[in-house]
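The primary structure of each chain is shown beneath.
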Amino acid sequence: MNIAANNGVWSGSWVAERLGVGLEGDDGLTALLGLALRRNPKRAHLLVSNVLGKHVPQSPAVVYGHGFALGRRVRDLLGAEEARRAVVLGYAETATGLGHCVADGIGLAPYLHSTRRPVAGVAPAGGFEEAHSHATSHLLLPEDPALLATDGPLVLVDDEFSTGNTVLNTIRDLHARYPRKRYVVVALVDMRSPADAGRLTAFAEEIDARVDLVAAASGTVLLPEGVLEKGQELVARYEESAATDDSAAAAAAAAAAASGPVAQFPAPLPGVAVEAGFKSTHPGARGTARPAPTAPPPTGNRTAPHFTRIDLHWPRGLPDGGRHGFTPAHRIRLESALPTMAARLAEALPAGTSRVLTLGFEELMYAPLRVARELEALVTAEVRYSTTTRSPVLAVDDPGYAIRSRLVFPAHDNPADGPGDRYAYNVAGAGFDAIVLFVDSAGDTPELHAPDGLSARLGAHAPHVLLAVVPSYVPALPEESPAMLPEPLRGPAFSSYPPEDVGWLLQDLSDVTLEAPTEEREEAIQSGGAHYAESLPVEYQPSEQYQALFHAALETSAARIAQAVGVVTETVLAERSPRPVLVSLARAGTPVGVLMRRWAQFRYGLDLPHYAVSIVRGRGIDANALRWLAAHHDPRDVVFVDGWTGKGAITRELADAIEEFEERTGVSGFDPEIAVLADPGSCVRTYGTREDFLIPSACLNSTVSGLISRTVLRADLVGPDDFHGAKFYRELAGADVSVAFLDAVAARFEEVVDAVDGAVKELAVADRTPTWEGWAAVERISEDYGIHDVNLVKPGVGETTRVLLRRVPWKILARAGAGADLDHVRLLAEQRGVPVEEVGELPYTCVGLIHPKYTRGATGADGKAVNL
């Protein structure tokens, strides 16, 4: 029996002939809808959608395409600006997947669907009743309570718009809590009577809001007098006949079960495929206009089906749907993972599979739909998609009836309203040789695998049944509400960068005197009396000669830096996240983060979030900054950014700090690997280059970093619920080249595109495993020069420059033959009276050595010379 085709007969004709029910409206309305009957005191007939993917197995591309097209129409109706502010709300259970698809079509709209599954610890943000539904109460359980508290358009999505009662109840409830000026109602079909249409118009005037309607088709259901009573009588007569068939089938099934194993999936062990058998039969063809049995009659000779559990590798922490909210960032993560999940599913399908059903589970409609759509494009087999449901509908095996067969099985997700029957329609007798059942982990229970459970029911109708379990997403419940953290600081109030370039997760300590002479700081640091992050060095004011070196270096290296920026950004977009949240390690990482953000805008029009946070050697990253990031973004999208690697100390520091933060807070997902412009120390996998070359932003301090100091962490200034601190040197505005540096590099983006693409292709197939070559070299130098402290060895051009600007240098090691990359180093060394020693075998262009035995008396009267 091919349910989809129905031999060209309209799947509403059986009901129309017996009850006189008819459809009038747009051309193609009968292609979208069929008719069935159900036992309901208010409405006997049921409009059965052929493109919803609930009761009728349909091509997933067709199901998704209808919803997505409706979303595009909503976006056109609202306009780009209003569409960006919209929130989409779908109805459980039937329209949960449709609402997701509409949100996809709108583009950037977050999505929430109502649910009939209460979740412990999640407070409802609203609720309403659906009067004609089998299960009437709806809950709204957004993880983010602010999701609905906006004044942008609210888009309400249901499969059909019949009376408007459900929509009116929803708007009435939500408008009292979160009033707004515009609503859009979306449905596959608008079947309201003229009177019902007038009620919606009057209600919109009552609440002083605009309410628009978008539907794929519209029409009216023609209901003759007495149709409800006639329908109820017809349902009762056919159900009584079906019950007789069921009793006989159940007895036969019990006898079959006594002589062989029952259908059970193995215990939930991800990635382990186990097979079990079930002795049953295919129901075969049945006579036209007979009630369809709800259990399979055995014939005794059917081959035992195979049951396989598939691990899809669902992304960790990604919501399984919109029950608690589904954001555009979630959608991007899902779309990135879909090819892998579909490929795993395709590999698990048995050879020769020609017709596959992907079967979702009640409200879990969107995830299986998206995987099914990806699978459909990947395999030659015919792929169909539908979903189990709570709604009882009469099944009649007739081509003119929309529900040809039904499977009945016990609820398997421990529902709050108690046990009850659940249904899968048009699966029995549909000729599927493989069924992929999707459930969330809350539904992967013993009831699912019991002898009368859904797995056994499906096993009676397909030789192969595969189970894919999607982790049920439950919002994390904080043990205790931590102190509220402030919003990021932004220019021009804090830093000379434009406000959109970076948000500083820091507190402003500009009014606190923190600077100390370099010699005093060094003595305190090396004696253990103070940490380097408890004070600031006096800002180095470059001479005219040194400034000229900076500008000359920028002119010669801008294209080289632009290429490295492009390479690291493209690598991040391809391998880490398609829409990353850039988090720079202040200060050196901040100009690089801004440039990466500019590259993403230049190349792809992306407007990436970018923040700067503090990390302190020996004390870790700012945990409050991580807490803020986790509250506002998916931690898995966060990419930490720095300027360069030296020996890799900060790389290790960040990894340890992230591990400690996750253990303490339970917040997971941050990837501790840093993306850097230059990785001469071979400490990371994500980099623009591994060459040690001059990055002009390393030549200066705050005047190339938005006029922001290095970060400060001192107990009397930074409390347990505070961000780390920093100063904004407004008084140095006359010497500021921060934006000029960015502009000079960004101006070279266009000319390096081809070189970037070539380098990215090479890196994609290269072995980028960190070798920690830099760390080994530093340890060797520390011993060779009798320092015995790797913290006093600063490798690379950038770190050597820092030694000369902020610490008490002892000597500089320079690779023999190093050219203009070291001009500024030689000038600073000359000004400080520091010897530069050329070394033949050096993995870096240069290495700065901090004085290993510093005391105040080790400096000459001029504060420059250092004598051992």
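Quick caveat: nothing in here was measured; it's all calculated off a predicted structure. Each chain carries its own residue numbering, running from 1 in the direction its sequence is written. Residues qualify for local features only when their pLDDT is at least 70, as the model is predicted, and side-chain atom pairs are given and counted only at 80 or more; totals for whole chains, interfaces and linings, by contrast, use all residues. The side-chain values count all of the structure's non-hydrogen atoms but skip hydrogen atoms and water molecules.

Student: What exactly am I supposed to notice about helix H14 (residues 589-604) here?
Tutor: For helices the rule is a DSSP run of H or I covering at least 4 residues; for strands it is a run of E covering at least 2, with both sets numbered from the N terminus onward. In this scheme, a helix's expected span is set at 1.5 Å multiplied by one less than its residue total. The end-to-end C-alpha distance of H14 is 22 Å, a good match for the 22 Å that 16 residues give at a rise of 1.5 Å each. Buried residues are those whose accessible area, probed at 1.4 Å on protein chains only, stays under 20% of the maximum for their type, while exposed residues exceed 50% and partly exposed ones sit between those limits. Taking burial as the measure, the 16 residues of H14 include 12 buried ones, the bulk of the element. When we look at burial in H14, the residues that qualify are Gly589, Thr590, Pro591, Val592, Gly593, Val594, Leu595, Met596, Arg597, Arg598, Trp599 and Ala600. With its phi angle positive at about 70 degrees, Gly605 sits one or two positions after the end of H14.

Student: Is there a simple way to explain the sheet that holds strand S24 (residues 581-585) in this structure?
Tutor: Backbone-to-backbone hydrogen bonds pair the strands of a sheet. The strands run either parallel or antiparallel. The criterion for strand pairing is that DSSP finds at least two bridges linking the strands in question. If you trace the six strands from one edge of the open sheet to the other, you get S20-S25-S24-S28-S29-S30, paired in parallel fashion. Of all the strands in the sheet, just strand S20 (503-504) and strand S30 (686-689) have a single pairing partner and so form its edges. Where strand S28 (residues 638-644) meets strand S29 (residues 674-678), four bridges bridge the pair, whose relative direction is parallel. Bridging from a neighbouring strand, Val641 pairs with Ala675 of S29.

Student: What should I look at first to understand the nonpolar core in this one?
Tutor: Think of a nonpolar core as a cluster: buried Ala, Val, Leu, Ile, Met, Phe, Trp, Tyr and Cys residues, connected wherever their side-chain atoms sit within 4.5 Å. If you look at the biggest cluster of nonpolar residues, it comprises 131 residues, and the most contacted ones within it are Leu37, Leu148, Val155, Val186, Tyr401, Phe438 and Leu458. The leading source of residues in this core is strand S9 (residues 182-190), at seven residues. Counting 107 residues, the second-largest nonpolar core is a separate cluster that includes Met596, Phe741, Val756 and Val797.

Student: Looking at this structure, I do not really get the packing of helix H3 (residues 60-78) against helix H5 (residues 96-106). What am I missing?
Tutor: The relative placement of two packed helices comes down to the angle between their axes together with the axis-to-axis distance. Between H3 and H5, the least distance of the axes is 6 Å, while the angle of their chain directions is 45 degrees. Classified by the angle between their axes, H3 and H5 sit oblique to one another. Every pair of crossing elements has a handedness; the one defined by H3 and H5 is right-handed. Listed contacts from H5 to Tyr64, Gly67, Phe68, Leu70, Gly71, Arg72, Val74 and Arg75 of H3 are Leu98, Cys101, Val102, Asp104, Gly105 and Ile106. Axes here refer to lines fitted to C-alpha atoms; in helices the fit is confined to the stretch in contact. Angles between the N-to-C directions go from 0 to 180 degrees. Each angle is binned into one of four classes, with values under 35 degrees roughly parallel, values over 145 roughly antiparallel, values of 65 to 115 roughly perpendicular, and all other values oblique. We call a crossing left-handed when the near helix sits turned anticlockwise from the far one by less than a right angle, and right-handed when that turn is clockwise. Residue contacts are counted whenever heavy atoms from the two residues lie within 4.5 Å of one another.

Student: I tried to follow unusual backbone geometry on my own but got confused; where do I start?
Tutor: Leaving glycine out, the prevailing phi sign among residues is negative, and the prevailing peptide bond configuration is trans. In this chain, Gly491 is followed by Pro492 through a cis amide linkage whose omega measures 0 degrees. A cis geometry characterises the amide bond from Ala586 onward to Arg587, with omega recorded as 0 degrees. Within the fold, Arg587 resides in the loop between S24 and H14. The phi torsion at Glu362 lies on the positive side, around 50 degrees, for a residue other than glycine. Relative to the assigned elements, Glu362 resides in the loop between strand S13 (355-361) and helix H10 (366-378). Phi is positive for Asn414, which is not a glycine, with a value near 50 degrees. With respect to the helices, strands and loops of the structure, Asn414 is situated in the loop between strand S16 (406-410) and strand S17 (421-425).

Student: Just to check I follow, could you spell out the packing of helix H13 (residues 544-575) against helix H21 (residues 823-832) for this structure?
Tutor: Where H13 meets H21, the axes come as close as 10 Å, and the angle between the chain directions of the two elements is 165 degrees. The pairing of H13 with H21 is recorded here as roughly antiparallel in orientation. Of the two possible hands of crossing, H13 and H21 adopt the one that is left-handed. Contact with H13, carried on its side by Gln545, Tyr546 and Leu549, involves Asp823, His824, Leu827 and Leu828 of H21 and no other residues of that element.

Student: Quick question: what am I supposed to make of the packing of aromatic side chains here?
Tutor: For any pair of aromatic rings, geometry is given as the distance between the ring centres together with the angle between the planes. Two aromatic rings from Phe, Tyr or Trp, using only the six-membered ring of Trp, form a pair when their centres are within 6.5 Å; if the ring planes differ by under 30 degrees the pair is stacked, by over 60 it is edge-to-face, and anything between is tilted. Evaluation of the coordinates by the stated rule reveals 14 aromatic pairs. An angle of 75 degrees between the planes, with centres 6.1 Å apart, marks the rings of Phe494 and Trp504 as edge-to-face. Of this pair, Phe494 sits in the loop between strand S19 (464-470) and S20 while Trp504 is found in strand S20, placing the two residues 10 residues apart along the sequence. Given the relative accessible area of 0%, Trp504 is considered buried.

Student: What exactly am I supposed to notice about the pairing of strand S4 (residues 87-90) here?
Tutor: Two faces, one strand: in a regular strand the side chains alternate between the faces of the sheet. Burial along S4 is two-sided: the residues Val87 and Leu89 and Val88 and Gly90 are all buried. The sheet contact formed by S4 and strand S8 (residues 154-161) spans four bridges and is parallel. Across the sheet, residue Val87 finds its bridge partner in S8, namely Leu154. Note: S4 against strand S5 (residues 111-113), three bridges, orientation parallel. Bridge pairing links Val88 to Tyr111 in S5.

Student: Honestly, the pairing of strand S25 (residues 610-613) in this entry has me stumped. Any pointers?
Tutor: Alternating residues of S25 divide into His610 and Ala612 and Tyr611 and Val613, and every residue in both groups is buried. As defined by bridge partners, S20 adjoins S25 across two bridges and the pair is classed as parallel. Note on S25: the bridge partner recorded for Gly503 is Tyr611. Pairing of S24 with S25 involves four bridges; the strand directions are parallel. Bridged to Val583 within S25 is Tyr611. With strands facing away from the observer, any crossover in which the path from the first strand over the helix to the second runs clockwise is taken as right-handed. Taken together, S24, H14 and S25 form a β-α-β motif whose crossover is right-handed.

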